[in-house]
Structure formats: C-alpha cells, structure tokens
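# Results of the structural survey
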Amino acid sequence: MIVNIIMVVYVAVALALLPTFFHLAPYLADAVFRARGSEALEFSVRVTRERNLFSYLLLVPAVLIMSRYQLYNPSFMQQIAAYGEGWYLLTCAGVLAAYLLVRLIIYLVLKPRRRFEYFRLAHRAIYTFFILFMLLALPGIGLMTLLDANDMIIRTVLYALLATVYFIFLIRRVQLLSLSCNGLRTFLYLCALEIIPTAALVVSAVVL
C-alpha cells in the first residue's frame, strides 16, 4: 500500500513535469557526451534548477528500486525486513541519504578556496549521470518484467548498468577536475571524493 501510494503521486508529478524534461534533455545529452557540456548546463541557472529538480524527483523511484530488488542487502537489512516493507524502504532511503551526505561533507571539506568552478562542476555532474541511470533503469525494468525475468536477472542487469554509468561519470569527473588541477591533485581528489565513499558503501554491503 505504501509503495502504491508513492508511485501514484510520483507518476502524477512526473507527467506534470514532462514539458520541463523535454527542455532539459538536450543539455543532459550534451553533458553526458562532452565534458564541456557540463559548463553549458551549470552556467544556466534555469537549466541547473531543472536538472536538480529532476534528480531529486528521481530519488523516489531510485529508493523503490533499491528496496524492491534489494540492491543494498547486507544481513542486517533482512532483520529490518522482518518488521515490514515500510521499515525496509525507510532504511534504504536512510542508507542512500547517508551516502550522499558523506559525499557532500567530503566535498565541502576539500573544496578549494580559489578557482573552484570546475571543482563544483565535477561534483554536480553526479546529478546528470544519476538521471541518465534512472532513464535507462526504469524502462529496462519494465521491459524485463514484461519478458518475465526473475529478480536475480533484473538485479544483475541493474548492477551492470549502474557500474557502466558510474564509470562514465568518473571519466567525466576526471576531465572536469583536470581543467583546474594537475594530474596528481586530480587523482587525489577523485580518490577522496568518489572512490572512498563508494568503496565504503560497497564494503558495508558485503561485510555487515
């Protein structure tokens, strides 16, 4: 019931924002295929606001997918699932929120005092690639469901898709950071801003 209510509200909001998405789509495509495309997107206040709005909106189906297909499933999550679907869903939302918060804290701590424009562009690029992942994942799940694929297959495809999009995002982030940093600083920034929080999330899913 909880999931059904959330999905009905989400679909209604998404349909209302379709014209906005059509305006945003060319900028998203340019940012995905060109590192410099992120500049055109970020330096437009209207487009940046639209991109951020859609990324926040897509957090709803992202949490539902994360919960439904158990993309983050350490042993303690099974104990929480025993209390009901709602608690499992809230825990997934909490885990995702904690991951994003850790990324934000590291970004604020390491943010340079000068010439931080490309540093900020590299940080915000994750919004664009998160939208890309969701635009691929949602119809992909629908298609696999119609083909009667089981949860294991869907989960594996989602992992592969997420890894592919994340790898492209890392490449774009390196390119953006290199516009204002030398090679060594770019590597160190990448490790601190991306590799460490993502590795912590993956390790916690395996160890806990």
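Just above, that's the structure.
What counts as what
- Residues numbered from 1 in each chain as written.
- Predicted model: local features only at pLDDT ≥ 70, side-chain atom pairs only at ≥ 80, totals over all residues.
- Heavy atoms only, no water.
- Helix = DSSP H or I, 4+ residues; strand = E, 2+ residues; numbered from the N terminus.
- Rg over C-alpha atoms; globule rule 2.2 N^0.38 Å.
- Buried < 20%, exposed > 50% of the residue type's maximum accessible area, 1.4 Å probe, protein only.
- Axes fitted to C-alpha atoms, helices over the stretch in contact; angles between N-to-C directions.
- Parallel < 35°, antiparallel > 145°, perpendicular 65-115°, else oblique.
- Left-handed = near helix turned anticlockwise from the far one by under 90°.
- Contact = heavy atoms within 4.5 Å.

Okay, the overall build of the protein chain next. Helices and strands together make up the secondary structure of the protein chain, namely 10 helices and zero strands. Listing every helix and strand of the protein chain by position from the N terminus yields α-α-α-α-α-α-α-α-α-α. Relative to the globule expectation of 17 Å for 208 residues, the C-alpha radius of gyration of the protein chain, 18 Å, shows essentially globular dimensions. Viewed in the frame of its principal axes, the protein chain has a C-alpha envelope of about 50 × 45 × 25 Å. Within the span of the protein chain, comprising 208 residues, buried residues form 38% of the whole.

Across the interface, helix α7 (residues 85-110) lies against helix α10 (residues 183-207) with an axial gap of 10 Å and an inter-helix angle of 160 degrees. The orientation of α7 relative to α10 falls into the category roughly antiparallel. In the crossing of α7 with α10, the sense of the turn from one axis to the other is right-handed. Two secondary-structure elements touch here, α7 through Val 95, Tyr 99, Val 102, Arg 103, Ile 106, Tyr 107 and Leu 110 and α10 through Tyr 189, Ala 192, Leu 193, Glu 194, Pro 197, Thr 198 and Leu 201.

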